[in-house]
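Report on the structure
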Amino acid sequence: MIKETPNPPYTDSEETAPTFKSNKPAMAKRRPNSIFSIVPKTHSETLPVHACETLASAGVMASELAFILEGPKCNLALAIEQMISLAELSVNRMLDQVDPQTVEEGVVSA
C-alpha cells in the first residue's frame, strides 16, 4: 500500500518550497548510445537532406496508415502526417537557404 503524504501549502518563498532530488548523480556524464551514430566529418548539407528524406518517408507511412484507420484514429494519423509535412517544409526551406538553386526553363541547375 502506498503511504500518501499531504502536500505542503503553496508559498512563493523558496525557504519553504519543497526540493526534489534526482536519483542520478549530479555530475553524471552524458554517454550517447553508439548503436546509431553520425560520422563527425559528415558534410553539413548531408544531414538536413537525410532528415528531409526521412520526414518524407514518415509522411508517406502516416498517410498510408490513415487510410487503413477510421474515425478518431484516422484523424490522429492525418494530424501526425501534417506535422511531419510541416517539419519537412521547414527543412526544405533551410536547404534552399543553404544551397539556393535556380530554375531556368524547367531545368534545375546548381
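Data block above holds the structure.
Described below are features of the structure shown in this document. Counting of residues starts from 1 at the beginning of each chain's written sequence and follows it residue by residue. Whole-chain, interface and lining totals are the exception, using all residues; otherwise, since this is a predicted model, local features are given only for residues with pLDDT of at least 70 and side-chain atom pairs are given and counted only at 80 or more. Only heavy atoms go into the side-chain values, all of them from the structure, while hydrogens and water stay out.

Further remarks concern the overall build of the protein chain. Only DSSP runs of H or I covering at least 4 residues are called helices, and only runs of E covering at least 2 are called strands; the numbering of each starts at the N terminus. Within the protein chain, the regular secondary structure consists of two helices and two strands. For the protein chain, the succession of helices and strands along the chain, N to C, is α-α-β-β. Think of it in three bands: with a 1.4 Å probe and only protein chains considered, a residue is buried below 20% of the maximum accessible area for its type, exposed above 50%, and partly exposed in between. Out of the 110 residues in the protein chain, the part that is buried amounts to 9%. Per element, the accessible surface of the protein chain, about 10,700 Å² overall, is 60% carbon and sulfur. Surface accessibility in these figures is a Shrake-Rupley result with a 1.4 Å probe; residues are shielded only by whichever protein chains are displayed.

Time to look at the packing of helix α1 (residues 46-68) against helix α2 (residues 72-98). To get an axis, fit a line to the C-alpha atoms, keeping to the stretch in contact for a helix; angles then go from 0 to 180 degrees between the N-to-C directions. Remark: α1 packs on α2, axes separated minimally by 8 Å, with the N-to-C direction vectors making an angle of 160 degrees. Classified by the angle between their axes, α1 and α2 sit roughly antiparallel to one another. By crossing handedness, the relation of α1 to α2 is classed as left-handed. Only Cys74, Ala77, Leu78, Ile80, Glu81, Ile84, Ala87, Glu88, Val91, Asn92, Met94 and Leu95 of α2 make contact with α1, whose side of the interface consists of Pro48, Val49, Cys52, Leu55, Ala56, Ala58, Gly59, Ala62, Ser63 and Ala66. Three categories are distinguished: nonpolar for Ala, Val, Leu, Ile, Met, Phe, Trp, Tyr, Cys and Pro, charged for Asp, Glu, Lys and Arg, and polar for the others, with Gly belonging to the last. A per-class count over the contact of α1 with α2 returns 17 nonpolar, three polar and two charged. These descriptions rest on fixed angle ranges, namely under 35 degrees for roughly parallel, over 145 for roughly antiparallel, 65 to 115 for roughly perpendicular, and the rest for oblique. When the near helix sits turned anticlockwise from the far one by under a right angle, the crossing is termed left-handed; a clockwise turn instead gives a right-handed crossing. We call two residues in contact when some of their heavy atoms are within 4.5 Å.

Here we take up α1. Side chains that are three or four residues apart share a direction in an α-helix, a result of its 3.6 residues per turn. Here a helix's expected span is defined as the number of its residues, less one, multiplied by 1.5 Å. Along its 23 residues, α1 runs 34 Å from first to last C-alpha, staying within 8% of the 33 Å computed at 1.5 Å per residue. Within the sequence span of α1, burial applies to Pro48, Cys52, Gly59, Ala62 and Ala66. Contact partners of the buried residues in α1: α2.

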